[in-house]
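These are the residues of each chain, in order.
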Amino acid sequence: MQRPAIIHKTAADLAVPPNLADYAATCAGFSWDAARAELAGLPGGGLNIAHEAVERHAHGPLRERIAFRFLGENSLRDVGYGELSRLTSRFANVLRTLGVRRGERVFVLTGRIPELYIAVLGGLKAGCVVSPLFSAFGPEPIATRIGIGEGAVLVTTDLLYERKVAKLRDRLPSLRHVLLVGEEDGATAIPATQDLAMLMAQAADTFETVATRPEDLALLHFTSGTTGTPKGAMHVHGAVLTHWATGRYALDLHDGDIFWCTADPGWVTGTSYGIVAPLLHGVSSIVDVADFDAERWYRILQEQRVSVWYTAPTAIRMLMKAGPELARGFSFPRLRFVASVGEPLNPEAVWWGRDVLGKPIHDNWWQTETGGIMIANLPALDIKPGSMGKPLPGVEAAIVRPREGGGVEFVDAPDEEGELALKRGWPSMLRGYLNNEERYRKCFAGDWYLTGDLARRDADGYYWFVGRSDDVIKSAGHLIGPFEVESALMEHPAVAEAGVIGKPDDMVGEVVKAFVSLKQGFEPSEALRKELLGHARKKLGAAVAPKEIDFLPVLPRTRSGKIMRRLLKARELGLPEGDTSTLEAGA
Ligand code: ATP
Ligand code: MG
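Residues numbered from 1 in each chain as written. Chains lettered and ligands numbered in written order. Predicted model: local features only at pLDDT ≥ 70, side-chain atom pairs only at ≥ 80, totals over all residues. Heavy atoms only, no water.

### Regarding the sheet that holds strand β13 (residues 337-340)
Reading across the sheet, the 9 strands line up as β2-β1-β11-β10-β12-β13-β14-β15-β16 and stay open at both edges, with mixed pairing between neighbours. With one partner strand each, in any of the chains shown, β2 (76-80) and β16 (390-391) form the two edges of the open sheet. The pairing of strand β15 (residues 375-376) with β16 spans 2 bridges and is antiparallel. Paired with I375 across the strands is P391, a residue of β16. The sheet strands contacting helix α4 (residues 81-97) are β1 (66-71) and β2, and the helix crosses β2 at an angle near 85 degrees. In this fold helix α5 (residues 114-125) packs onto β1, β2 and β11 (284-288), with an angle of close to 145 degrees to the strand it touches most, β1. (Pairing = 2+ DSSP bridges. Helix = DSSP H or I, 4+ residues; strand = E, 2+ residues; numbered from the N terminus. Contact = heavy atoms within 4.5 Å. Axes fitted to C-alpha atoms, helices over the stretch in contact; angles between N-to-C directions.)

See the structure below:
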């Protein structure tokens, strides 16, 4: 089907104040100082994420408002801002009683249970550096990360501890305290651990938030490991400014919103936007302990009256795979704004959002390193399906070619490809990779931070993702971005997901090879393969279209939901798989 290139914003789509309804006005009126005025810092000076996110509201009119609603398999628990303040104070007091000092590292390894959120915010309150780990990690990735981060405290559950940490404990000399959340009432008597609930019960529920400086380290977040070994990005307390601003300008958070960020706090999205940004705005967040399930997710959107939803292309593609009938059994009259991040969002997915959910989906681009959203289809913009949108106010982006011997050359011509770069200096920028100064240095060419992603900018200033520089395919003198090929394949009604790689070839350098998984109701066959090859050739032309297509039941993905093209390639070529610590189980 021929689709228009733009989804125009309409007044009905916008809950934004008039000054945000226009991109130029938004940029003109923006400064980080304006955001700073919203977040005044601690009364006696200093700044702390926990103060801005929790304390500010807990003693004001939002005291009784729900901060988090935790949905269990069959249960529901609300934690209000006032209660969150008391619980995080108890946790901060627990750390203090244990002799954990400011700046020491607290790791959290649990599912999305209240204790995770309490430990993250309570740890920050106490001036500690917090690192939430994804609970589905195996023992090795857990030990590596706690090792690199020199964790002093680990908060986990008795089951996870026994299964994954206990046998590696002697490899973690820095780890002085393991605090367990019992799966059952009354924790088990596991040696060298303590029961968190008991410690919390004994602790006072008031705590004077530690007055950290803006440049003090707050969070340690590991990258997704899509292109190799995960890197530990260091983020500071001053980043809160950005999360307030991007929560407003990119996610459209407003008073009274019910916000659902589906990312796990083990990934930066789940912390910056699953914890910090919604709390800064004093809105209520939904947290679902369960993993993706199409019907459950539709039910949550409907029953919890979610008004702003932040999710990822992989989830959207899985909803598409489940078919439109399922979606039509639900309605989402409250849902105002949908945003997506983590991977390129295929135009087909944006159209599905419009047609099936009844809402356009606003793609946005950022990385663990950037700390927060950098480029987005803002509410102030018309959406161009397939584009990441425009840089946020206060963010300077460019398409560049790094010069031999230093510096960059700017690619100013519209639609020309190059590396996406950001001008150093936005407040939430990483301050380094932990214990990897060399790798951090390589991210910069002069004043420009090089993202490792290739993109182009069109004449209207919209940015278009081409591919990660590692994934770009060189075939017969053409540079082919896998995203374009994947998106074309997804336009075929049978295709649920596609991952595209370059396969070495003597004649042309690399040939384009695609791996696809099919939607419900379609089966792999020779006839379908031919049809898909023909479909792609018609859409893309012979030079860019895949020469080979394989069917896979699922594509290998990182735990954060990204297609691992490097793994598709390694498997295709029979090469070692490299670092697979973040690979999703069963993929
Ligand atoms: P690693 O750096 O360890 O290889 P990673 O880059 O996947 O892993 P993250 O920081 O979680 O780790 O992901 C950021 C990357 O995700 C971006 O650099 C980009 O490649 C991709 N990405 C994020 N959002 C988008 C988007 N909207 N469109 C296209 N790509 C995106
Ligand atoms: Mg990366």
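Having seen the model, we can carry on.
### Topic: the site of ligand 1
If you check the shell around ligand 1, you find 22 residues, and the closest are T223, G225, T226, T227 and T368. P344 places a polar main-chain atom, nitrogen or oxygen, 3.4 Å from a nitrogen atom of ligand 1. One of the side-chain N or O atoms of Q367 is found 2.8 Å from an oxygen atom in ligand 1. Calculation on ligand 1 without its partners gives an accessible area of 630 Å², and the protein chains cover 96% of this total. Those elements that place two or more of their residues in the shell around ligand 1 are β14 (361-365) and β22 (463-468). Looking at the shell around ligand 1, its residues break down into 6 nonpolar, 9 polar and 7 charged. (Near = heavy atom within 4 Å. Polar contact = N/O pair within 3.5 Å; in protein donor to acceptor, adjacent residues only side chain to side chain. Areas by Shrake-Rupley, 256 points an atom, 1.4 Å probe, with all protein chains shown as cover. Nonpolar A, V, L, I, M, F, W, Y, C, P; charged D, E, K, R; others polar.)

### A look at the pattern of salt bridges
Evaluated as defined, the whole model comprises 45 salt bridges. A salt bridge links K384 to D458, with the shortest nitrogen-to-oxygen separation between them at 2.8 Å. Taken as a pair, K384 in the loop between β15 and β16 and D458 in the loop between β21 (448-457) and β22 lie far apart in primary sequence, 74 residues in all. According to the relative accessible area criterion, K384 is buried, its value standing at 9%. Connected via shared salt-bridge partners are K503, K513, E526, R529, E548, D550 and E572. (Salt bridge = Lys/Arg side-chain N within 4 Å of Asp/Glu carboxyl O. Buried < 20%, exposed > 50% of the residue type's maximum accessible area, 1.4 Å probe, protein only.)

### Some remarks on the UniProt feature "domain: AMP-binding enzyme C-terminal" (unreviewed entry) in the protein
UniProt marks residues 484-562 with the feature "domain: AMP-binding enzyme C-terminal" (unreviewed entry), using the numbering shown here. Strand forms 32% of residues 484-562 and helix 28%; the C-alpha atoms that close the span are 16 Å apart. (UniProt positions renumbered as here; feature names shortened; annotations may be inferred.)

### Some remarks on the domain arrangement of the protein
Per the domain assignment, the segments of the protein are domain 1 (11-24 + 32-457) and domain 2 (471-573). Using only C-alpha atoms to locate each centre, domain 1 and domain 2 end up separated by 31 Å. Taken residue by residue, the interface counts 24 residues in domain 1 and 24 residues in domain 2. At the boundary of domain 1 with domain 2, total buried surface from both sides reaches about 2,100 Å², with 56% on carbon and sulfur atoms. Taken together, the links from domain 1 to domain 2 amount to 1 salt bridge. Close ionic contact of E497 with R317 constitutes a salt bridge, the shortest N to O distance being 3.3 Å. Mapped by element, the contributors of at least two residues to the side of domain 1 that touches domain 2 are α12 (313-321) and α14 (347-357). (Domains from an automatic or database assignment. Buried area = accessible area lost by both parts, 1.4 Å probe.)

### Observations concerning the packing of helix α3 (residues 49-58) against α5
Packed helix pairs are specified by the crossing angle of their axes together with the interaxial distance, meaning the distance between the axes. Contact pair α3 / α5: the axes reach a minimum separation of 8 Å and the direction vectors enclose 120 degrees. What the angle tells us is that α3 and α5 run oblique. Relative to α5, the crossing made by α3 is left-handed. Listed contacts from α5 to I49, A50, A53, V54 and E55 of α3 are L121, L124 and K125. Grouping the amino acids of the contact of α3 with α5 by side-chain chemistry returns 6 nonpolar, no polar and 2 charged. (Parallel < 35°, antiparallel > 145°, perpendicular 65-115°, else oblique. Left-handed = near helix turned anticlockwise from the far one by under 90°.)

### Some words on the environment of I300
Within the secondary structure layout, I300 lies in helix α11 (residues 294-303). The residues touching I300, leaving out its near neighbours within four places in the chain, are L71, W260, I286, D288, R305 and V306.

### Overview of the packing of aromatic side chains
Where two aromatic rings form a pair, the distance of their centres and the angle of their planes describe that pair. A complete count under the given rule lists 22 aromatic pairs for this structure. On the numbers, 5.6 Å between centres and 85 degrees between planes, the contact of Y273 with Y310 is edge-to-face. You can see Y273 sitting in helix α10 (residues 268-280) and its partner Y310 sitting in strand β12 (residues 308-311), a full 37 residues away along the chain. Just as Y273 is buried, Y310 falls in that class too. Measuring from centroid to centroid gives 5.9 Å for W426 and Y449, while their planes differ by 65 degrees, and the two rings are edge-to-face. (Phe/Tyr/Trp six-rings, centres within 6.5 Å; stacked < 30°, edge-to-face > 60°.)

### Thoughts on α10
Note: α-helices contain 3.6 residues per turn, so residues at a spacing of three or four share the same orientation. Of all 13 residues in α10, 13 are buried; the element is thus mostly enclosed. Where α10 ends, the next residue or the one after it, G282, has phi of about 65 degrees, a positive value.

### Details of the pairing of strand β27 (residues 548-551)
What you see with β27 is a clean split: I549 and F551 sit on the buried side and E548 and D550 on the side with no burial. Pairing of strand β26 (residues 509-518) with β27 involves 4 bridges; the strand directions are parallel. Residue A514 lies in a different strand from β27, and its bridge partner there is I549. Taken together, β26, helix α17 (residues 526-540) and β27 constitute a β-α-β crossover, and its handedness is right-handed. (Right-handed = clockwise from strand over helix to strand, strands pointing away.)

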